[in-house]
Amino acid sequence: PLTDEGNQAIITQQDAEQTATFMRRVVEERLNATIVDASGLALLAASPPSSMYDLLRLLEGASWVCLGNRLDCMADPSTVNLTEAGFQQILAQSSASQMATFVAR
């Protein structure tokens with residue numbers, strides 16, 4: 001589950017790949033956001049915070065996480081997650097060519 005207990009269960013395994021998967025789910029499902037730079041996710045997953053509260057605060061402020069319709073981050077339609085949140089990020093850009101690239105995937 002995407003809770004503090006779930007976070008603890010993942011980080012105690014000390015597996016950066018599983019931690020990144022958990023964090024990606026938090027971004028998409030809890031924050032309804034998208035990841036625009038996977039390298040930022042990988043760095044955080046390698047040294048995760050010890051609590052869900054701290055994780056959420058870090059993700060909310062991360063430059064590589066695009067929350068809602070923020071105008072200061074532009075999702076790349078060729079790499080954005082193929083989810084509702086990813087779709088909304090591309091839609092917010094109001095670009096037919098960007099949407100065509102996203103839909104083609």
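In this text, all values refer to a predicted model and were calculated from it rather than measured experimentally. (Residues numbered from 1 in each chain as written. Predicted model: local features only at pLDDT ≥ 70, side-chain atom pairs only at ≥ 80, totals over all residues. Heavy atoms only, no water.)

Asks: Please give an account of the overall build of the protein chain that cites residues and values.
Replies: Helix and strand content of the protein chain: 6 helices and 2 strands. Element order for the protein chain, N to C, with α for helix and β for strand: α-α-β-α-α-β-α-α. Rg of the C-alpha trace for the protein chain: 14 Å, near the compact-globule value of 13 Å for 105 residues, within the 12% margin. Along the first, second and third principal axes, the C-alpha atoms of the protein chain reach 45 × 20 × 20 Å. Within the protein chain, buried positions represent 40% of all 105 residues. By sequence separation, contacts in the protein chain at least 24 residues apart represent 54% of the contacts at least 6 residues apart. Separation between the mean location of the 6 positive side-chain charges and that of the 12 negative ones in the protein chain comes to 3 Å. (Helix = DSSP H or I, 4+ residues; strand = E, 2+ residues; numbered from the N terminus. Rg over C-alpha atoms; globule rule 2.2 N^0.38 Å. Buried < 20%, exposed > 50% of the residue type's maximum accessible area, 1.4 Å probe, protein only. Contact = heavy atoms within 4.5 Å. Lys, Arg positive; Asp, Glu negative; His and termini not counted. Charge placed at Lys NZ, Arg CZ, Asp CG, Glu CD.)

Asks: Describe the pattern of salt bridges, naming the residues involved and giving the relevant values.
Replies: This structure, assessed with the given rule, holds 2 salt bridges. E29 is the partner of R25 in a salt bridge, and the nearest nitrogen-oxygen pair spans 3.5 Å. One end of the pair is R25 and the other is E29, both in helix α2 (residues 16-30) and 4 residues apart, which spans about a single turn. Take R25: its relative accessible area is 34%, and that puts it in the partly exposed class. A salt bridge links E60 to R57; its shortest N-O distance comes to 3.0 Å. Linking E60 with R57, this pair stays in helix α4 (residues 52-61), spanning 3 residues, or about one helical turn. (Salt bridge = Lys/Arg side-chain N within 4 Å of Asp/Glu carboxyl O.)

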